[in-house]
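Secondary and tertiary structure notes
What follows is the residue order along each chain.
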Amino acid sequence: MRRQLAVAVMALGSMGVASGCQTEVVTPVVASSVVVAPDDAGIVEGEDLQFTATVIDEFDQPVVLAVVTWSTDNPSIVRVDPDGRAYGLAPGSTLVWATFNGTSGSALMTVAPAVDLECVDDVLAPEQKPGKRGKKKTTSDDDDDDDDDDPDPDPRCAPPTVTGP
C-alpha cells in the first residue's frame with residue numbers, strides 16, 4: 001500500500017510539473033517602416049541635435065520600446081551616438097539612419113560652418129557692436145574718406161573670390 005501511494009504522489013507531482021509548462025511562440029516584430037524625426041535638420045559645426053525614431057509594424061502601429069541602431073552616411077560630417085544624438089563635426093550634408101530588424105529610415109542633416117565672431121565684429125557698424133558706442137560721421141568730420149583710423153579687416157573674413165565666367 002505504501003508503495004502504491006508513493007507512486008501515486010510521484011505521478012501527481014510529475015503531472016503538476018508537466019501541466020505547469022507551457023510553450024510560447026515568440027514572433028519577431030516585422031517593421032514596415034522606421035520614421036526619423038526631425039526629417040530635415042540643420043545645425044552649426046560643433047553643435048548637437050537629438051533625433052528620435054518610431055518603428056511602425058506591419059499593422060501600421062508604433063512598436064513600443066523598439067531599440068534602433070543609429071548610423072550616418074558620412075561620419076566625418078556627423079557622428080551619431082547609440083541614443084540618436086548627432087554631433088556636427090564638419091560642414092556638409094549627410095543622412096542619419098535608424099535601423100530596426102533590417103528596416104531603416106533616414107533624415108537629412110546639414111552642418112553649417114561655425115561663424116568666426118571676429119568676422120562678424122568686422123562687418124558691424126560701430127553703433128551695432130555690443131558694448132561699444134559709435135558716433136555717426138557728420139559733414140564736419142574729416143572728409144578724406146581714407147579711414148586711416150580704422151584697422152584693416154581680417155583677411156580670414158574676406159568674402160570668397162569668384163573666378164571664371
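Scroll up to find the structure this text is about.
Reading guide: rules and limits
- Residues numbered from 1 in each chain as written.
- Predicted model: local features only at pLDDT ≥ 70, side-chain atom pairs only at ≥ 80, totals over all residues.
- Heavy atoms only, no water.
- Helix = DSSP H or I, 4+ residues; strand = E, 2+ residues; numbered from the N terminus.
- Buried < 20%, exposed > 50% of the residue type's maximum accessible area, 1.4 Å probe, protein only.
- Contact = heavy atoms within 4.5 Å.
- Core = buried A, V, L, I, M, F, W, Y, C linked by side-chain atoms within 4.5 Å.
- Pairing = 2+ DSSP bridges.
- Axes fitted to C-alpha atoms, helices over the stretch in contact; angles between N-to-C directions.

1. A look at the environment of Asp 81
Position of Asp 81 among the secondary structure elements: in the loop between strand E6 (78-80) and strand E7 (85-88). Looking at Asp 81, the relative accessible area reads 17%, which means it is buried. In this structure, the C-alpha to C-alpha distance between Asp 81 and Thr 69, residues twelve residues apart in sequence, is 9.3 Å. Excluding its chain neighbours within four sequence positions, the residues that come into contact with Asp 81 are Trp 70 and Tyr 87.

2. A closer look at the nonpolar core
Core analysis: the biggest nonpolar cluster contains 20 residues, and Phe 51, Val 55, Trp 70, Val 78, Val 96 and Met 109 have the highest contact counts within it. The set of elements that each furnish at least two residues to this core consists of strand E1 (31-37), strand E2 (40-44), E6, strand E8 (92-100) and strand E9 (103-112). Leave out the neighbours within four places in its chain, and Val 96 touches Phe 51, Trp 70, Ser 71, Thr 72, Val 78, Val 80, Gly 105, Ser 106, Ala 107 and Met 109.

3. Regarding the sheet that holds strand E5 (residues 69-72)
Two pairing modes exist for strands in a sheet, parallel and antiparallel, and in both the strands are linked by backbone hydrogen bonds. Read across the open sheet, the four strands follow the order E2-E9-E8-E5; overall the sheet is mixed. Edge positions in the open sheet fall to E2 and E5, since each of these has one partner strand only. Neighbour-to-neighbour, the strand axes of this sheet turn through a mean angle of 25°, independent of strand direction. Across nine bridges, E8 lies against E9 in antiparallel orientation. Its bridge partner being in E9, Gly 92 is matched across the sheet by Val 111.

4. Examining unusual backbone geometry
The step from Ala 37 to Pro 38 runs through a cis peptide bond, and the omega angle for that step is -5°. Of note, Leu 65 is a non-glycine position whose phi angle comes to about 60°, a positive value. Among the structural elements, Leu 65 can be located in the loop between strand E4 (52-57) and E5. A residue is classified by how much of its surface remains accessible, and Leu 65, at 78% relative accessible area, is exposed. A positive phi angle, near 45°, is found at Asn 101, a position not held by glycine. Among the secondary structure elements, Asn 101 is positioned in the loop between E8 and E9. Asn 101 gets classed as exposed once you look at its relative accessible area, which sits at 55%.

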